[in-house]
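This is what each chain is made of:
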Amino acid sequence: MSRIGKMPIAIPAGVTVSVAENNTVTVKGPKGELTRTLPREMTIKQEDGKVEISRPSDDKKEKALHGLTRALLHNMVVGVSEGFTKTLEINGVGYRAQKQGKTLVMHLGYSHTVDMEDPEGITTTVQDNKIIISGIDKELVGQTAANIRAKRGPEPYKGKGIKYDYETIRRKVGKTGKK
C-alpha cells in the first residue's frame, strides 16, 4: 500500500466533498469551491467525516496514482478551508514592486517596468520588499509565484533579484584582478 494513499483525509467542519461520475470531485468550503477530475482507476469513498482512496490492483501505474490522487484531494480540502500563500522577497537597489488595481507593477533593473496581471482566483499583495501570493488552488499559487520569480531570478554575486522567503542564495566570490 502507498503510505500517503492509504491515509484518510479528514474533512473539517464547513467543507463538503461530492464525487460525481468519472471521479469528478467538487470541494466547497468557506474560502470557495474547487472542482477537479481525478484518475478513474481510483475508488473514492466518503464516510463519517473522512474520505478514503483505494486502488483496484498493485500495478505500478496505479500505485503511483494512489498517492497522487490522495495528495490532490487533500490539497483541495486544505485550500477551501485555509488557503495557501507563498512569499517572495525583492532584493536590490532600486528593485521594488507595487499594486495598481489587479496588476503587479515591478521595477527590476530593466529599462521598462514588468507588469503582471493577477490570475483568476489569486490575490497578490505588496508589503515593503515582499510580495505575498495567496489563493485556494495550491498549484496555481505555486505557478504564479514561479512566474513572478522568473522575471528576475536571484543572481549569486550580489544576491539581487526575486527569491522565495525561505530560499538561501549561495553567494560566489567575484573576480580578483592580477597584481
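The structure we're discussing is the one just above.
The structure reproduced in this document is the subject of the present report. (Residues numbered from 1 in each chain as written. Predicted model: local features only at pLDDT ≥ 70, side-chain atom pairs only at ≥ 80, totals over all residues. Heavy atoms only, no water.)

### Considering the packing of aromatic side chains
Given two aromatic rings, their pairing is described by the distance between the two centres and the angle made by the two planes.
Next up, step 1: Across all of its chains, the model carries one aromatic pair by this definition.
Next up, step 2: Here Tyr-164 and Tyr-166 contribute two aromatic rings whose centre-to-centre distance is 5.4 Å and whose plane-to-plane angle is 5°, an arrangement assigned as stacked.
Next up, step 3: Looking at Tyr-164, the relative accessible area reads 14%, which means it is buried.
Next up, step 4: Note on Tyr-166: relative accessible area 57%, which makes it exposed.
Next up, step 5: Residue placement shows Lys-86 over the ring face of Tyr-164; its charged tip is 5.5 Å from the ring centre. (Phe/Tyr/Trp six-rings, centres within 6.5 Å; stacked < 30°, edge-to-face > 60°. Buried < 20%, exposed > 50% of the residue type's maximum accessible area, 1.4 Å probe, protein only. Lys NZ or Arg CZ within 6 Å of the ring centre and 35° of its normal.)

### Details of the side chain of Glu-167
Next up, step 1: Within the secondary structure layout, Glu-167 lies in the segment after strand S13 (161-164).
Next up, step 2: Among the residues examined, Glu-167 registers a relative accessible area of 19% and is labelled buried.
Next up, step 3: Polar side-chain contacts of Glu-167 include one of 3.0 Å to the backbone nitrogen of Tyr-164.
Next up, step 4: Sequence-distant contacts of Glu-167, that is, excluding residues within four places in its chain, are made with Arg-149 and Pro-154. (Helix = DSSP H or I, 4+ residues; strand = E, 2+ residues; numbered from the N terminus. Polar contact = N/O pair within 3.5 Å; in protein donor to acceptor, adjacent residues only side chain to side chain. Contact = heavy atoms within 4.5 Å.)

### Overview of the pairing of strand S7 (residues 84-91)
Next up, step 1: Pairing of S7 with strand S12 (residues 130-135), which is carried by six bridges, proceeds in the antiparallel orientation. Residue pairing for S12: Lys-86 is matched across the bridge by Ile-133. (Pairing = 2+ DSSP bridges.)

### Some words on the pairing of strand S9 (residues 103-107)
Next up, step 1: Burial runs high along S9: four of the five residues are buried.
Next up, step 2: Where strand S8 (residues 96-100) lies against S9, five bridges are found, and the strand directions are antiparallel. Within the sheet, the bridge partner assigned to Gln-100 lies in S9 and is Thr-103.
Next up, step 3: Hairpin connection between S8 and S9: a loop of two residues separates the two successive antiparallel strands, and Gly-101 in this loop has a positive phi of roughly 70°.
Next up, step 4: Here four bridges tie S9 to strand S10 (residues 114-117), and the two strands are oriented antiparallel to one another. In the sheet register, Val-105 faces S10, and the bridge partner there is Asp-115.

### Here's the deal with helix H2 (residues 138-150)
Next up, step 1: Taking 1.5 Å per residue as the helical rise, H2 with its 13 residues ought to reach 18 Å, and the 18 Å between its terminal C-alpha atoms agrees with that figure.
Next up, step 2: Turning to H2, its buried residues are Val-141, Thr-144, Ala-145 and Ile-148. In an axial view of H2, the angular spread of the buried residues amounts to 100°, which keeps them on one side of the axis. Across H2 from its buried face, at more than 90 degrees, point the exposed residues Glu-139 and Ala-150.
Next up, step 3: Those residues of H2 hidden inside the fold are in contact with S7, S9, S10, strand S11 (122-127), S12 and S13. (Expected span 1.5 Å × (residues − 1). Arc of directions from axis to C-beta.)

### Quick word on the sheet that holds strand S1 (residues 9-10)
Next up, step 1: Read across the sheet, three strands follow the order S1-S6-S5 without closing on themselves; strand pairing throughout is antiparallel. This sheet does not close on itself; its edge strands, each paired only once, are S1 and strand S5 (43-47).
Next up, step 2: Pairing of S5 with strand S6 (residues 50-54), which is carried by five bridges, proceeds in the antiparallel orientation. Along S6, the bridge assignment pairs Ile-44 with Ile-53.
Next up, step 3: This element, helix H1 (residues 60-81), spans S1, S5 and S6 of the sheet and lies at about 160° to S6. (Axes fitted to C-alpha atoms, helices over the stretch in contact; angles between N-to-C directions.)

Fair warning: the whole summary comes from geometry, so function is off the table for now.
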